[in-house]
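# Structural overview
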Amino acid sequence: MPLTKANYKLPKHKKVEDKKTKKRQQRLEEERRRLAQRAGQGSFVVFREEGLEDVFVADDL
Amino acid sequence: MKQSKNFDLIQKNTSDLIDLWMYNFARNIPDFLNGNNVKQLSGFKNVKLSIKNHRPKNSAVVIGGGPSVEKNNHLKILSNSNYNGAIVCTDRMLIPCLKNGITPKKFPKFYVLSIEPKDVTVKLYDDKIIKKYSKGISAVLSTCIKHEVVELCKKNGLKIFWFHPLIDDFRKLESVNKIMNMMSKSDKNPKGFPGMQTGGNVGVFSWIFSWAILGCSPVALIGLDLGYHVDTPLENIRHYRDYLKAYNNNKSKAGKFFKKITNVDLKIKALSDPIFDFYREAFLDLVVRTPKWVRTINATEGGSLFGNRIENMKFVDFLK
């Protein structure tokens, strides 16, 4: 069988995870999840309206 | 849209403040009708053309009242420095700043900001030292601020600049913001006042003001922790009693609303309550939406703020 990208299996690295790293990883994932959840949605009352997500100063009310 | 339950709850409660906002707004009308517009402080030559391609000439330091400011002696460090950028002071820190030598005499670009509509703001402007330095202080006030605050600012001789806090979709005819602005138009301000995103608290608003009005970058944050020291007993946290009351003194249930956040930049933990968590979420949303020229430096050396577009730095290094 010819060696191609499709059939070549990379050796698996053993992950060494101590408690501290694991916890940190969980925290980071949680942060990412929450950021992704909010993507493009904005945070305060006015941001919930489509088209106003990036408004910091509105000159003509 | 998916948001945390806590986020939705606080957002709703914030909207419920509308009665108080309007009560204050009505009482402030005689003062702001011919008042100064916050836009008079603009650091942009032509806002529409230059906000995206702005080249900032000045930096700013935003001073919040979080525990890190005292713990890290940041007021003294600033006071002893030769910093020549803008001092953007939250109302809570005005008196402590002046008493620690951070005065408009030494730092001529000196601003104090207020957005809180409740009574708590009044005492923050009630001290003899404010009158002593009044000439160099610009007070940036929401049109919905407690009227007694306006009276105190006038009594102390502060120069007041007005803006509307953004509270709803001003594109709609029935918008409260739109009606507020219609009532604000005058010969001096034929277009009324601009509406500004506040982020829900004066610390975040001070950061927005620094770059979106003054055109400053980088903007360094001190005392803007949006959290407590991790070892703070829950009983000492402002909102804990409210949660205890809501859950019939069940400490276990009430305690679930208070969490420890690991600040990955500083490798420390901070304790967050639901209110700070809401503000923190809002800030993280806002900071990624700023123009590219805006640099946000977290120089608190404590607290819960970290993430995309937030640089972490020691305050002394920022001042170098």
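Residues numbered from 1 in each chain as written. Chains lettered and ligands numbered in written order. Predicted model: local features only at pLDDT ≥ 70, side-chain atom pairs only at ≥ 80, totals over all residues.

Bringing the overall build of chain A into the picture now. Helix and strand counts for chain A come out as 1 helix and 1 strand. Relative to its full complement of 61 residues, chain A shows a buried share of 13%. (Helix = DSSP H or I, 4+ residues; strand = E, 2+ residues; numbered from the N terminus. Buried ≥ 20, exposed ≤ 12 C-beta atoms within 10 Å, placed from the backbone.)

This part takes up the overall build of chain B. Broken down by element type, chain B carries 14 helices and 13 strands. For 320 residues, the compact-globule estimate of 2.2 N^0.38 gives 20 Å, and the C-alpha radius of gyration of chain B, at 19 Å, lies within 12% of that figure. Considering only C-alpha atoms, chain B reaches an extent of 60 × 50 × 40 Å along its principal axes. For chain B, with 320 residues in total, the buried portion stands at 46%. Relative to all contacts within chain B whose residues are 6 or more apart in sequence, the contacts with residues 24 or more apart total 71%. (Rg over C-alpha atoms; globule rule 2.2 N^0.38 Å. Contact = placed C-beta atoms within 7 Å.)

Residues and elements named next belong to chain B. With respect to topology, 3 strands assemble into an open sheet ordered 9-11-10, the strand pairing being antiparallel. Whereas interior strands pair on both sides, the edge strands pair on one side only; in this sheet they are strand 9 (228-229) and strand 10 (259-263). Bridging between strand 10 and strand 11 (residues 268-272) involves 5 bridges; their strand directions are antiparallel. If you follow Ile261 over to strand 11, its bridge partner there is Ala270. (Pairing = 2+ DSSP bridges.)

The predicted model of chain B averages 90 in pLDDT, with 93% of residues at 70 or higher. For this predicted complex, the interface confidence comes out at an ipTM of 0.85, alongside a pTM of 0.84. (pLDDT = per-residue confidence, 0-100.)

Residues and elements named next belong to chain B. Counting 80 residues, the largest nonpolar core has Val62, Ile87 and Val88 as its most contacted members. For this core, the leading source of residues is helix 10 (residues 202-212), giving 8 residues. When residues no more than four places from it in sequence are discounted, the contact partners of Ile87 are Val61, Ile63, Ile102, Phe107, Lys109, Phe110 and Tyr111. (Core = buried A, V, L, I, M, F, W, Y, C linked by C-beta atoms within 7 Å.)

Glancing now at the pairing of strand 2 (residues 60-63) of chain B. In the case of a regular strand, side chains alternate between the two sheet surfaces. Residue and element names in this part refer to chain B. Of the two faces of strand 2, both are covered, the one formed by Ala60 and Val62 as well as the one formed by Val61 and Ile63. As paired strands, strand 2 and strand 3 (residues 86-90) are joined by 4 bridges and run parallel to one another. Directly across from Ile63, in strand 3, lies its bridge partner Cys89. Here strand 2 pairs with strand 8 (residues 219-222) via 4 bridges, running parallel. Residue pairing across strands places Val62 opposite Leu221, the latter belonging to strand 8.

Most of helix 10 of chain B is tucked away: 11 of the 11 residues are buried. Turning to helix 10 of chain B, its buried residues are Val202, Gly203, Val204, Phe205, Ser206, Trp207, Ile208, Phe209, Ser210, Trp211 and Ala212 of chain B.

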